Amino acid sequence: MSERKLRSEVTVVLCVIYLLGCNGENYVTKDMAHLPDPPEVEIIGQTTNTITINITAPPLQTITKYQVRYCKFSYFIKGSSSSTIYTTPSNIVPGSAYRFYVASFVDGVKSANETNVTAYSVPFPPTRVKVVNQRTTEISLSVRPGAWNYEYFCVEFFKIPYPELMKNKCGKNGSMSLTGLLPGTLYNVSVFMRTHLLRSSKLRFDGMKIATVPSSPLNVKISGCTSSSINLTVTPGTGSYDGFKVTYFNTRDHENIAQMTYITTDISIAALDPGSEYNVSVITIANDLQSTESVYADHLAVTHKRSRSAIEETTPVNEALLDTSTSIGNVDIQDDMCKISGYIRKPDHWVIEGSTVRILAIFSIHVECIATPQPSAEIQWYFGEFDVTKKNLSRIHIQSNYSQVEIPWSYLIFDPVSISDDRPLRACYLKTCFNTSAIHIHRLPEVRINPVVLSVEDGGKVTLTCTITRYEDENDIEFIWTFNGFTNESTLSGVPVTTNETSVLQLVDLTLHNSGNYVCSVMVYNIKDTISLTSTSTIYVLSKDVKTCPNITDERGLEWPLTPVGTQLTLPCPNTFTGNVTRDCMQDGLWGKVNYINCVRTQINNALEQVIGIKDGLIHADEIHNVLQSIAEVTSATNETRLTSGDLSKTSLVLSELVDVIDDSQTSPNLTKNFVDIVDNMLSPVNRDTWIDVTKQSTSTDVSDIMDTVEKLGNIVGKNLSVASPIVVERSNIVVEIKRIQDNDIHSNLNTSTNDSYFQNQIALNLGSGTTGDVTYTAVLYSTIGKILPNNTNVLTGYPSEVLGLSIVHGYSSSRHLPSNISLTFDIEKLRSENNLTGNVNIKCVFWNFNKAAGPIGWSDIGCSWSSQRNACLCNHLTNFAVLMSPIQISNEIDIARLRIITLAGCSLSILSTAITMVVYALLWRYIKNDRSVLVLNMCVAVTAGYALFLGGLDRTDDNVLCTVVAALLHFFFLAIFCLMLADGIQLLRRTTVVMNVKSILKWLLLIGWGLPAIIVGITIGIKHDGGYHSKTYCWLTLTDGVLYSFVGPVLVIILVNVAVMILVLKALLTSQFIMTKSQKQKVVSAVRSVCVLLPVLGITWFFGILSINDDLIVFQYLFAATNSLQGFFIFLFHCVLSVPVRRAIEQKYRKSVSKSYQSQGTLTTRSSRNSTDNIIDESRQRGKKTSSPQPSQHTTKFLHLNQQYTINSPL
């Protein structure tokens, strides 16, 4: 039993079981005499997915509602006193029988009986009909039924053009043979599915044109011969025919077989050898089919021997006519005995855009026509007005055969055929030409599916709509839906509903197994070809715990829907673009960067097609100016939509192809200016990030291709340039000078149109006495390309300057050494200021290497050097040059390794130290709680977080988003460290200079410590939100555009303030009465000790960083690395180990654990707990007092003595 029948029977059984179980429903019951009557029901409409019924109320009764039941479904609909029309939802299985039960309700009272009626849904049409075999009187078909159920498939057919003679035939097993047909006859054939007299809707299998094989000729008779021709008379077989194909060969040369086609029964074969025997056979042709058997002539045909003394007598010949349905021939008659016949045969039906089309030209030539043998003669093809015979074309190919001099033939092949190929064709041979009209080409439709991507919850539903547009004949297409590669419609979770232009697939009750790709394929047919077009929708069925990337809209207006992590999403490009864009949903739930490399404006794609047409010689070269104008409009700065990476890549390709087709006749100054305008638009700073995307996303294109293209343009334009008319084009981002000189000295000053400085970039070269003069060169200045060029080498790094290029027309290549060095002068000071480079710098002269054999693609310094005396670059070859400038780095590898070890060890020790400090403070908090301790803890948090990020995230440059986050956090925590140092300095100053205790300002100090860094970091990120926040080598602030000043500026201000604080604090301490009583030596020791404490705590050691910018002062680099990486250790040392309040708290905590009797004294000590600096201030105040007091007890005296000892041992 077939799967379709089994599924149908299971459906019927389930429906019957359901209906048998539906009798137990509870409704209001009354006396039978008062129950409403059942309605009348009539079937009025059927489709593949719905059935419509007309429900008529019982006479003289107003029905409140009706209950309609079928299969497992039950619906209530509003009633009336007349008729009610009800259409089922789209849950009907095509080609199936349904029993409908309808009951009446009046105020909740149900009729005692139900009206039942049987209805059938319309079956789906067949999905494929294949012609298995064609014979003279029979056509065999193989039919693939439509989805779901059906009873029969049927075939209607009639001989064209006699529809009144229509016949039909039905079957069940998927194959059908139509017999009793006429040979060589074209039939109209329609195939459809049928269920209970219902016929499937009309699709492309209605009105197919299928022909039978023609019958062979009854006989072929030789009717006459001459010295070079044979005349035949053919008696056709039964049925119709279009013509006859004659095959013949000389019995002395069996391998040299010739064929010709004729449309009449009287045939003349020309261009034969005199006095030879020929074997001749004929087959019948009809509707591009030929008879299965050849019929040979009644005897061998023998041509006459040629008479040298007189003109031989000839047998009258009936001239064979050319097939005018496929060609229009012109015959070049040299004399009565010499003529060339032939034809062009092209498809007599329409062809599909994108298919392969072959057009045949064949000639039949009398031997007398060739007075002198011409072995080099060939068939010439003209496409419109263009001779395409000897051109190497991208889509058009020629295949010719001249093995038989008298019957040459040639194929013109379009692979693939384009919609623009509808031009007349002409084939010529020996000055004889035949013409044919243009091919009739049908444009391919555009297929779009909506939605392209969608995420739904488990159990949800989706409606997919597949639509075709821009097509000429909807009857020749077919929609096919597939899910994850499976064509079985039972896997689709829904039944597609198809019209001529749209197919809708509704998916319901989706589960996780329904996640995947739903592909709508549109099959485009003609008589011979089939082309498939597809559009894909990706559906994600999500469980509740799945991690996703959010629904967002990018800067170009594309909406990226909710998507599971780890997925690459593909969307169609926006309107006016062609292609697709992709984007990765990362594992962390964040969207990656949008890849627009395959998304190109339609206008640019069209321009590329025009350039290829010009290159192939199929479009006039005059169109070059229109192409340039079109590209200029797209790339113009006034264009509202920013260029995509695909736009830049494809435009670069257009310009490269365009340079190859520009000849001497098009090299006008206007063309050069238009060309340079496009390059200027492409190199605009607004496209810098997009060019970087091109480098990352394209394997074949980058911005360096523009330099190569401009050099080629200069070489072409320079060929016809005169000395009196140089071409100079100055734009914002590029300057091009093409000039012819009569001497050997090249000197060029270049500056962009927007440069307001007096500096001129200079190129100077003397070619020496080896050159005879009359030199044409192209000098180019690129003001922005240096910052865009990718650098694939790790050896040469630095900030690139503007790029200068020089090439000589028919002169020196980039690999050939010059007779003298070329001198290139760059604006070094401008490069310094743009990149905030101060002090000593490295300057490296480089050129852009295009040759992989000479080294990596990128900057190279081979043959170039920097001359400090001339302040210019000197190179011994030509190409595109620049300088790379970088700050002086530590060049000694041993020093670099040592500094790294110091930094790693110091930062690790600082993290450990601050962690211990926080633990100690947490344990002793009740004893040391004060404003200074709060600031110390906040400083420990900032140091720990900042140094941990420094060690773990500084090198994470492979992930741009992560690197930006690390740089921002380092920026924040390092600023917080300094701001907390500033707060600590303010606190120290208040404790030192203010005599009376004042109100705490801790909350304001903390606001300075954390709030001020947050504001600075937020403003910096806001300004640099579009990129350029961190450097390329580390996740730290870049030097470019002054970003680093957002850290250095506040730090320098804080250091200066803390220096002033340190001076004021030292002055207050050293002039206190407590210190004044000491000796001079003790004063010096106290001052040195105080400076050692305050310098690292207040961040003043960063002055070593200022002194370490020069390699000659390597000692300061060591001091800077050591003192600043140990900042956390200094906090632990001075605020924990050497802190008097901390030691007091430890002693008090210890004494409390030993004896409870010391609790009262411990309370007194706790009140006086402060850090070492506070203790000095209080002690100095107490020592200065001369007030009498009662004698302390022995116990109190002991603690005062201990307090004094701790004070003396304090670092301050």
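Please refer to the structure placed before this passage.
Residues numbered from 1 in each chain as written. Predicted model: local features only at pLDDT ≥ 70, side-chain atom pairs only at ≥ 80, totals over all residues. Heavy atoms only, no water.

A. Focus on the nonpolar core. Ranked by internal contacts, the top residues of the largest apolar core, which has 52 residues, are Trp691 and Tyr782. One finds Ile928, Leu954, Leu975 and Ile1054 within the second-largest nonpolar core, a separate group that totals 46 residues. (Core = buried A, V, L, I, M, F, W, Y, C linked by side-chain atoms within 4.5 Å. Buried < 20%, exposed > 50% of the residue type's maximum accessible area, 1.4 Å probe, protein only.)

B. Structural context of the pattern of salt bridges. The tally for this structure, following the rule as stated, stands at 15 salt bridges. Notably, a salt bridge pairs Lys712 with Asp708, separated by 3.7 Å at the nearest N-O pair. Placement of the pair is Lys712 and Asp708 together in helix 7 (residues 704-717), with a separation of four residues, close to one helical turn. One salt bridge connects Glu802 with Lys830, and the closest N-O pair in it is separated by 3.2 Å. Highlighted residues: Glu802 in the loop between strand 58 (799-800) and strand 59 (803-808) and Lys830 in helix 8 (residues 828-834), separated in sequence by 28 residues. Among the charged side chains, a salt-bridge network with shared partners connects Arg69, Lys110 and Glu114. (Salt bridge = Lys/Arg side-chain N within 4 Å of Asp/Glu carboxyl O. Helix = DSSP H or I, 4+ residues; strand = E, 2+ residues; numbered from the N terminus.)

C. Just the pairing of strand 33 (residues 409-414), in detail. Of the pairings in the sheet, the one linking strand 29 (residues 357-365) to strand 33 comprises six bridges and is antiparallel in character. Paired with Ile362 across the two strands is Trp409, which belongs to strand 33. Two strands pair when backbone bridges link them, and strand 32 (residues 396-401) and strand 33 are joined in this way by six bridges, in the antiparallel orientation. Paired with Asn401 across the strands is Trp409, a residue of strand 33. (Pairing = 2+ DSSP bridges.)

D. Spatial organisation of helix 2 (residues 602-616). Taking 1.5 Å as the rise per residue, helix 2 with 15 residues should run 21 Å; its terminal C-alpha atoms sit 21 Å apart, in good agreement. Among all positions of helix 2, only Ile604, Asn605, Ala607, Leu608, Val611, Gly613, Ile614 and Asp616 are buried. (Expected span 1.5 Å × (residues − 1).)

E. Summary view of the packing of helix 11 (residues 931-953) against helix 13 (residues 1002-1023). Remark: helix 11 packs on helix 13, axes separated minimally by 11 Å, with the N-to-C direction vectors making an angle of 15°. Here helix 11 lies roughly parallel to helix 13, going by the angle between them. The hand of the helix 11/helix 13 crossing is right-handed. Of the residues in helix 13, those touching helix 11 at Asp931, Val934, Leu935, Asn938, Val941 and Ala942 are Leu1002, Leu1005, Leu1006 and Trp1010. (Axes fitted to C-alpha atoms, helices over the stretch in contact; angles between N-to-C directions. Parallel < 35°, antiparallel > 145°, perpendicular 65-115°, else oblique. Left-handed = near helix turned anticlockwise from the far one by under 90°. Contact = heavy atoms within 4.5 Å.)

F. Molecular detail of the environment of Ser867. Its location among the elements puts Ser867 in strand 63 (residues 864-867). Judged by relative accessible area, which is 12%, Ser867 ranks as buried. Sequence-wise, Ser867 and Ile843 are 24 residues apart; in three dimensions their C-alpha atoms are separated by 9.7 Å. Discounting chain neighbours no more than four positions away, the residues touching Ser867 are Ala872 and Leu874.

G. Summary view of the sheet that holds strand 40 (residues 477-483). Strand order in the open sheet formed by four strands is 38-44-43-40, and the pairing between neighbours is mixed. Two strands close off the open sheet at either side, each with one partner strand: strand 38 (453-457) and strand 40. Here the strands of the sheet are splayed against their neighbours by 25° on average, with no regard to which way each runs. Where strand 40 and strand 43 (residues 516-525) come together, seven bridges link them in antiparallel fashion. Bridge pairing in strand 43 links Glu478 to Met523.

H. How the structure looks around the packing of aromatic side chains. Counting across every chain of the model gives 21 aromatic pairs. Ring centres of Phe73 and Tyr75 lie 6.4 Å apart, and the angle between their planes is 15°; on these two criteria the pair is classed as stacked. Residue classification places Tyr75 among the partly exposed residues on the basis of a relative accessible area of 25%. Three or more aromatic residues link up through ring pairs in this structure, and these residues are Tyr70, Phe73, Tyr75, Tyr86, Tyr98 and Phe100. When the ring centre of Phe192 is taken as origin, the NZ or CZ atom of Arg199, which lies over that ring, is 3.7 Å away. (Phe/Tyr/Trp six-rings, centres within 6.5 Å; stacked < 30°, edge-to-face > 60°. Lys NZ or Arg CZ within 6 Å of the ring centre and 35° of its normal.)

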